[in-house]
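Per-entry structural report
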Amino acid sequence: MLNKIKRYLYRIKLTWKLRKCTKPVRDFGINMGLIHYDNYQEIKKLKFVQADGVYLDNIALMYGIPRAEGMTDAELRKLIIETVKG
């Protein structure tokens, strides 16, 4: 219930930001914003502390983040969370 309220409030925030756009652009922006919000909520549910190695690399690649040479799992976790938060 609380998640639905938060999502609705986020939708209102997006609508306010896109209020001067044309209707198709506003609808597209709201849909893309809600998709990003939903993805962020799912990422928050993952246990990044337990994710390591190949699993963590796959999560990073979903967001287009390649692992730099010599990057530790902790650094990659931090980078993923920063990228997803936007």
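Residues numbered from 1 in each chain as written. Predicted model: local features only at pLDDT ≥ 70, side-chain atom pairs only at ≥ 80, totals over all residues. Heavy atoms only, no water.

1. Structural notes on the pattern of salt bridges
Put simply, the rule reads: Salt bridge, as used here: a side-chain nitrogen of Lys or Arg that lies within 4 Å of a carboxyl oxygen of Asp or Glu. Helix and strand definitions follow DSSP, with helices as H or I runs of at least four residues and strands as E runs of at least two, each counted in order from the N terminus. Each residue gets one of three labels from its accessible area relative to the maximum for its type: buried under 20%, exposed over 50%, partly exposed in between, using a 1.4 Å probe on protein chains only.
Taken as a whole and assessed by the stated rule, the structure comprises four salt bridges. When the shortest N-O distance is used, the salt bridge between arginine 7 and aspartate 38 registers 2.9 Å. With arginine 7 in helix α1 (residues 2–17) and aspartate 38 in helix α2 (residues 23–45), this pair connects stretches of sequence that are 31 residues apart. Residue arginine 7 is classed as partly exposed on the basis of its relative accessible area of 33%.

2. Here's the deal with helix α4 (residues 73–85)
Note that an α-helix has 3.6 residues per turn; residues three or four places apart therefore point the same way. Let me state the cut-off plainly: In a helix, the anticipated span is given by 1.5 Å times the number of residues less one. Along the arc lie the directions from the helix axis toward the C-beta atoms.
A rise of 1.5 Å per residue sets the reference length of α4, with its 13 residues, at 18 Å; its end C-alpha atoms lie 18 Å apart and thus fit the reference within 8%. Among the residues of α4, those classed as buried are Leu76, Arg77, Ile80 and Val84. With its buried residues spanning 105 degrees around the axis, α4 presents them on a single face. Facing away from the buried side of α4 by more than 90 degrees, the exposed set consists of Lys78 and Lys85.

3. Topic: the packing of helix α3 (residues 53–62) against α4
Note the threshold: Axis angles are defined between N-to-C directions and span 0 to 180 degrees, where every axis is a line fitted to C-alpha atoms and, for a helix, only to the segment in contact. Angle categories: roughly parallel below 35 degrees, roughly antiparallel above 145, roughly perpendicular from 65 to 115, and oblique for all the rest. By convention the crossing between two helices is left-handed if the near helix lies anticlockwise of the far one by an angle smaller than a right angle, and right-handed if it lies clockwise. Any two residues whose heavy atoms approach within 4.5 Å at even a single point are treated as in contact. Each residue receives one of three labels: charged for Asp, Glu, Lys and Arg, nonpolar for Ala, Val, Leu, Ile, Met, Phe, Trp, Tyr, Cys and Pro, and polar for the others, Gly being one of them.
Close contact between α3 and α4 brings their axes to 10 Å; oriented N to C, the two are set at 25 degrees. Accordingly, the angle class assigned to the pair α3 and α4 is roughly parallel. Every pair of crossing elements has a handedness; the one defined by α3 and α4 is left-handed. Taking contact as the criterion, the partners of Gly53, Leu56, Asp57, Ile59 and Ala60 in α3 are, on α4, Asp73, Leu76, Arg77 and Ile80. Of the residues contributing to the contact of α3 with α4, the split by class is five nonpolar, one polar and three charged.

4. Describing the nonpolar core
Going by this rule: Residue types Ala, Val, Leu, Ile, Met, Phe, Trp, Tyr and Cys, when buried and joined through side-chain atoms within 4.5 Å, form a set referred to as a nonpolar core.
Grouped together as the largest cluster of nonpolar side chains are ten residues: Tyr40, Ile43, Leu56, Ile59, Ala60, Ile65, Met71, Leu76, Ile80 and Val84. Looking at this core, the elements with two or more residues in it are α2, α3 and α4. If sequence neighbours within four positions are ignored, alanine 60 has contacts with Ile65, Leu76 and Ile80.

5. Re a nonpolar patch on the surface
Short version of the rule: Like charges within 9 Å and nonpolar side chains (Val, Leu, Ile, Met, Phe, Trp, Tyr) within 5 Å are joined into patches, using only residues over 30% in relative accessible area that form no salt bridge. What sets the accessible areas is the Shrake-Rupley method with a 1.4 Å probe; for residues, cover comes only from the shown protein chains.
Together, Met1, Leu2, Ile5, Tyr8, Leu9 and Ile12 give the surface a local cluster of nonpolar side chains, amounting to about 690 Å² of exposed area. Here tyrosine 8 is to be found in helix α1. The class of tyrosine 8 is exposed, set by a relative accessible area of 53%.

Nothing here speaks to function; it is all geometry.
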